Amino acid sequence: MTNSAVNFLALALYLCVGLLLGLRLARGETITGGVKIGIFSLGLGAIILHAVLLYSVLWRDGGVNLALTPAFSLVAWVVAVLYLYTSISRPVDNLGILIMPFTGLMLFVEWLWPGQMALPLTSGQQAAHIIISILAYSLLSLAAVQSLMLLVQERHLRNKHPGGFIRALPPMQTMESLMFQMIGVGFVLLTLTLVSGVFFSEVVFKQPLKFTHHMILAVLSWVVYAILLVGHWRLGWRGRTAVHWTLGGFALLILAYFGAKFVMEVILNR
């Protein structure tokens, strides 16, 4: 099977999962039993095919290709993997409406516009830094999607429109609890990412630390998430306040990495 055929099949599976979830939730039906197993199997097939494609794209001459589109595709794939894994034991099926089609879109974009930027892997610390940073981005991405669902749920309930897929969503307290669990773990991983970048820059990257826009925005994102967690713990921040802080921190995080890469690779063509 050619790469084009694998790309097309993986994209079709991602879209199929998103569509099936959307149709079930639009009718207010929870995803359980055989339906859940069937949708999970389709999603698993999609991420396996995606993993095969990523392997051929990412590894380049002893290094890893972390250009803009492969990096987007990789993070989207990790988000999809975490989503499927979490859906086994937690009520997060609704997140797949956004996550699975978006992952398919990132795969499609990388297919059309493959990027090349080989980063040599020279140490275990460097590999660990990359893995931890990707996991941090992915978990905080899940939290951002959860916050969007929470915002939609809150608006429907506020406007007294509890019908449709809102009936299939878990209670708001459960949704918020899951969101803060994701943020908490993601925050720890983001902290480890920044610590390794700040204090072990010469070991990890073989060069002194530089306070670039990427580093400054990442630190600002960390501050936003820290304030959110303290506000939730000490002041009981919930609802829209928590959602806005979550999305604000995530926006800074996206700008820190992908925004900087977009400017360098697309606008400045470096």
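Everything numeric here is computed off the predicted structure, so don't read it as measured data.

Draft legend 1. Just the side chain of His 50, in detail. Note that His 50 resides in helix α2 (residues 33-58). Residue His 50 is classed as buried on the basis of its relative accessible area, which comes to 0%.

Draft legend 2. Fine view of the pattern of salt bridges. This model, assessed by the stated rule, comprises three salt bridges. The partner of Glu 154 in a salt bridge is Arg 240, and the shortest N-O contact between them spans 3.0 Å. Linking Glu 154 in helix α5 (residues 124-158) with Arg 240 in helix α9 (residues 239-267), this pair joins segments that are 86 residues apart in sequence. Overall, the relative accessible area of 11% leaves Glu 154 in the buried class.

Draft legend 3. Structural view of the packing of helix α1 (residues 3-26) against α2. With their axes 9 Å apart at the nearest point, α1 and α2 run at an angle of 150° to one another. Viewed along their axes, α1 and α2 adopt a mutual orientation that is roughly antiparallel. In the crossing of α1 with α2, the sense of the turn from one axis to the other is left-handed. From α1, Asn 3, Val 6, Asn 7, Leu 9, Ala 10, Leu 13, Tyr 14, Cys 16, Val 17, Leu 20, Leu 21 and Arg 24 reach across to α2, where they touch Val 35, Ile 39, Leu 42, Gly 43, Gly 45, Ala 46, Ile 47, Leu 49, His 50, Leu 53 and Ser 56. Broken down by class, the residue content of the contact of α1 with α2 amounts to 16 nonpolar, six polar and one charged.

Definitions and limits used
- Every chain's residues receive numbers from 1 upward, in the order its sequence appears when written.
- Reporting of local features is limited, given that this is a predicted model, to residues whose pLDDT is at least 70; pairs of side-chain atoms are given and counted only at 80 or more, and all residues count toward the totals for whole chains, interfaces and linings.
- Note: side-chain values were computed over all heavy atoms of the structure, leaving out hydrogens and water.
- Going along the chain from the N terminus, every DSSP run of H or I of four or more residues is numbered as a helix, and every run of E of two or more is numbered as a strand.
- Burial status follows relative accessibility: with a 1.4 Å probe on protein chains alone, a residue under 20% of its type maximum counts as buried, one over 50% as exposed, and anything between as partly exposed.
- A pairing counts as a salt bridge when a side-chain nitrogen of Lys or Arg comes within 4 Å of a carboxyl oxygen of Asp or Glu.
- Only the stretch in contact is used when a helix axis is fitted, and all axes are lines through C-alpha atoms; the angle between N-to-C directions ranges over 0 to 180 degrees.
- We call two directions roughly parallel when the angle between them is under 35 degrees, roughly antiparallel when it is over 145, roughly perpendicular when it lies between 65 and 115, and oblique otherwise.
- In this scheme the crossing of two helices becomes right-handed for a clockwise turn of the near helix relative to the far one and left-handed for an anticlockwise turn of less than a right angle.
- Here a residue-residue contact requires only that any non-hydrogen atoms of the pair lie within 4.5 Å.
- In this count, Pro and Cys sit with the nonpolar residues alongside Ala, Val, Leu, Ile, Met, Phe, Trp and Tyr, while Asp, Glu, Lys and Arg are called charged and the others, Gly among them, polar.

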